[in-house]
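# Residue-level structural notes
Residue-level listing of the chains:
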Amino acid sequence: MPYRLTVLGTGYLGATHAACMAELGFEVLALDVDQSKIERLRRGELPIHEPGLEEVLRRNLDSGRLRFTTSYEEVAKFGDVHFVCVGTPQKKGERAADVSYLDAVVESLAPHLDRECLVVGKSTVPVGTAERLAEKLVRLAPAGTQTELAWNPEFLREGFAVRDTLRPDRIVIGVTSERAEKILRDVYAPLGEVPIVVTDFPTAELVKSAANAFLATKISFINAMAEVCEAAGGDVTQLSAALAYDERIGGRYLNAGLGFGGGCLPKDIRAFTARADELGAGHALAFLREVDEINLRRRARMVGLAGEVLGGSFGGRRVAVLGAAFKPNSDDIRDSPALDVAVKIAELGGLVTLYDPAALANARAAHPQLGYAESALEAASGAEVVLLLTEWQEFVSLDPEDLGAVVAARVIVDGRNALDVELWRGAGWHYRALGRP
Ligand code: UDX
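So, here's what we can say about the structure. (Residues numbered from 1 in each chain as written. Predicted model: local features only at pLDDT ≥ 70, side-chain atom pairs only at ≥ 80, totals over all residues. Heavy atoms only, no water.)

Moving on to the overall build of the protein. Each helix and strand in the protein was counted, giving 18 helices and 14 strands. For the protein, whose C-alpha radius of gyration is 23 Å, the value lies close to the compact-globule estimate of 22 Å for 437 residues. Across its three principal directions, the C-alpha atoms of the protein cover 70 × 50 × 40 Å. Looking at the protein residue by residue over its 437 residues, the buried ones come to 54%. Put simply, of all contacts in the protein between residues at least 6 apart along the chain, 71% involve residues at least 24 apart. Taken as a whole, the protein presents about 18300 Å² of accessible surface, with 52% of it coming from carbon and sulfur. Taken together, the 48 basic and 61 acidic charged side chains of the protein have centroids lying 1 Å from each other. (Helix = DSSP H or I, 4+ residues; strand = E, 2+ residues; numbered from the N terminus. Rg over C-alpha atoms; globule rule 2.2 N^0.38 Å. Buried < 20%, exposed > 50% of the residue type's maximum accessible area, 1.4 Å probe, protein only. Contact = heavy atoms within 4.5 Å. Areas by Shrake-Rupley, 256 points an atom, 1.4 Å probe, with all protein chains shown as cover. Lys, Arg positive; Asp, Glu negative; His and termini not counted. Charge placed at Lys NZ, Arg CZ, Asp CG, Glu CD.)

Before going further, it helps to spend a moment on helix H5 (residues 100-109). Buried residues of H5: Leu102, Asp103, Val105, Val106 and Leu109, and no others. For H5, the angular spread of buried residues about the axis comes to 160°, placing them on one side. At its buried positions, H5 is contacted by strand E1 (4-8), helix H4 (72-78), strand E4 (81-84), strand E5 (117-121), helix H6 (129-140) and strand E6 (147-151). (Arc of directions from axis to C-beta.)

The environment of the ligand is made up of 20 residues, and the closest members are Phe155, Glu158, Tyr253, Asn255 and Lys327. Taking Leu156, its main chain carries an N or O atom lying 3.0 Å from an oxygen atom of the ligand. Calculation on the ligand without its partners gives an accessible area of 670 Å², and the protein chains cover 92% of this total. If one sorts the elements of the shell around the ligand by residue count, helix H9 (residues 201-232) sits on top with 4 residues. Partitioned by chemical class, the residues of the shell around the ligand number 10 nonpolar, 4 polar and 6 charged. (Near = heavy atom within 4 Å. Polar contact = N/O pair within 3.5 Å; in protein donor to acceptor, adjacent residues only side chain to side chain. Nonpolar A, V, L, I, M, F, W, Y, C, P; charged D, E, K, R; others polar.)

Attention now moves to the packing of aromatic side chains. Applying the stated criterion across every chain, the model contains 3 aromatic pairs. Directly above the ring of Phe78 sits Arg4, whose terminal nitrogen or CZ lies 4.4 Å from the centroid. (Phe/Tyr/Trp six-rings, centres within 6.5 Å; stacked < 30°, edge-to-face > 60°. Lys NZ or Arg CZ within 6 Å of the ring centre and 35° of its normal.)

Under the criterion given, the structure shown has 1 cavity of 30 Å³ or more. Computed from the structure, the largest cavity encloses a volume of approximately 100 Å³. Taken together, Thr88, Ala97, Thr124, Val125, Pro126, Val127, Ser209, Lys267, Asp268, Ala271, Phe272 and Arg275 make up the full set of residues lining the largest cavity. Ranked by residues supplied to the lining of the largest cavity, first place goes to helix H11 (residues 265-278) with 5 residues. Classifying every residue of the lining of the largest cavity gives 6 nonpolar, 3 polar and 3 charged. (1 Å grid on protein atoms, 1.4 Å probe; cavity = no way out; pocket = protein on both sides within 12 Å on 5 of 7 lines; lining within 4 Å. Points joined across faces, edges and corners; volume = space filled by probe spheres on them.)

If you look at the biggest cluster of nonpolar residues, it comprises 54 residues, and the most contacted ones within it are Val319, Ile345, Leu354, Val386 and Leu387. The element contributing the most residues to this core is helix H13 (residues 337-347), with 6 residues. In this structure Leu387 touches Met302, Ala306, Val319, Ala320, Val321, Leu322, Ile345 and Val413, once residues within four positions along its chain are discounted. The next biggest cluster of nonpolar side chains, apart from the first, holds 43 residues, and it includes Tyr3, Val81, Leu156 and Ile173. (Core = buried A, V, L, I, M, F, W, Y, C linked by side-chain atoms within 4.5 Å.)

Among the secondary structure elements, Asn60 is positioned in helix H3 (residues 53-63). The contacts of Asn60, once residues within four sequence positions are left out, are Ala19, Ala22, Glu23, Arg65 and Leu66.

All chains considered together, the criterion is met by 42 salt bridges. Residues Arg58 and Glu54 are paired through a salt bridge, measuring 3.6 Å at the closest nitrogen-oxygen approach. With Arg58 and Glu54 both in helix H3 and 4 residues apart, this pair spans about one turn of that helix. Relative accessible area serves as the criterion here: at 38%, Arg58 is assigned to the partly exposed category. One salt bridge in this structure joins Asp335 and Arg299, with 2.9 Å as the shortest N-O distance. (Salt bridge = Lys/Arg side-chain N within 4 Å of Asp/Glu carboxyl O.)

Moving on, we get to the environment of Ala373. Here Ala373 shows up in the loop between strand E11 (371-372) and helix H15 (376-380). The spatial distance from the C-alpha of Ala373 to the C-alpha of His430 is 23 Å, given a sequence separation of 57 residues. Residues in contact with Ala373, not counting those within four places in the same chain, are Thr353, Leu354, Tyr355, Leu360, Glu378 and Ala379.

Now for unusual backbone geometry. One non-glycine residue, Tyr253, lies in the positive phi region at around 60°. With respect to the element layout, Tyr253 can be found in the loop between helix H10 (236-244) and H11. At Asp335, a residue that is not glycine, the phi angle is positive and equals roughly 45°. The residue Asp335 is located in the loop between strand E9 (318-322) and H13 in this model.

Interpretation note: all reported values are geometric properties and have no functional meaning in isolation.
See below:
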């Protein structure tokens, strides 16, 4: 392999990128400032739930190709290409993104860079960040213009992180030199035939914001249709199935329900509108505020519907909540629609008992006021209503008779339009869902 790689930041993106690059045959050194996280990773333990990733991590620790450190000096000595994978969370009380972790990485790494190398940003950033960091890098690095920045946004989905990294739909590289382009083409060559789009910095940054804006808009579009269906007596699941046959529309990201959450879509569309405002182009993205509002209204509607089936009040009523993660196959509870609903119902006096196959520990730590159970059946035991809020396969394949045997009343609200209505109604359940009669 022509280059030695480093990865700065070992969260979702960084841990996956580091393990997968080692899997491709590169020698990789990954850094985090969190000593305990690095110790766990060295032992082959992942701080997150991501199917398939732990195997890749362990295999490459064993082969010696993947190592972890907390030393910037070591990283600078080791690497030819440094991938920056730190988070850009939403600023408290603002829509804008907080890019201070990126600045901190450049400020910590650059003073040790005394030879030719490429620093590659992968984090999702407000457009204009790359140009600013490129200037900072060259200014702070002893090697000066022998160091260079490139921008290479990452599109991986949680739950499919390994697959999305090793078999991406496309690779976008924003560069200012042919040398940087060549290095990144070489680095990704082991992936085989993947379309590569080479752009300038602003376009590369914008591709990521635009992709997430499009996905969020598609989800909120179908959820807006769900609102209209609710008003008109239509069925949004049939509507979306019919739309999906049109290849121009397509059926993916067209599932109506409780809407999107997680560490990316919500904060990224907010940051995108904030940045557009700064650039004087806020009007162009005004619709994204509506996309956000439609999305949040689904959570309120879910609480309303649950209250409705209980006859108007939550006070002292037993509510089983199935799901805490923002989506199935993840333990991530950041901006989780499911947890938001559970917390709101508890605030309204409901006696909530929650179960999730992977996110229980995270949910418990964040919201100790809720009740928790170790299985779906335990959560549903004695419940007057069951709410399905994250469509884990474990919940979708629940037997309505098994669940019916433990609840106080056979009443279920399907927040993800994930259950077989005929099956549940056939077993005597009062079945309600978002966007359908
Ligand atoms: C997303 C993007 O897909 C990814 O490309 C980007 O890099 C990061 O953000 P992720 O946050 O892992 O990835 O989640 P994703 O699978 O896209 O789902 C986002 C949310 O939308 C989830 O809460 C999911 O439940 C919801 N969703 C998705 C719907 O409500 N309906 C759908 O049809 C699809």
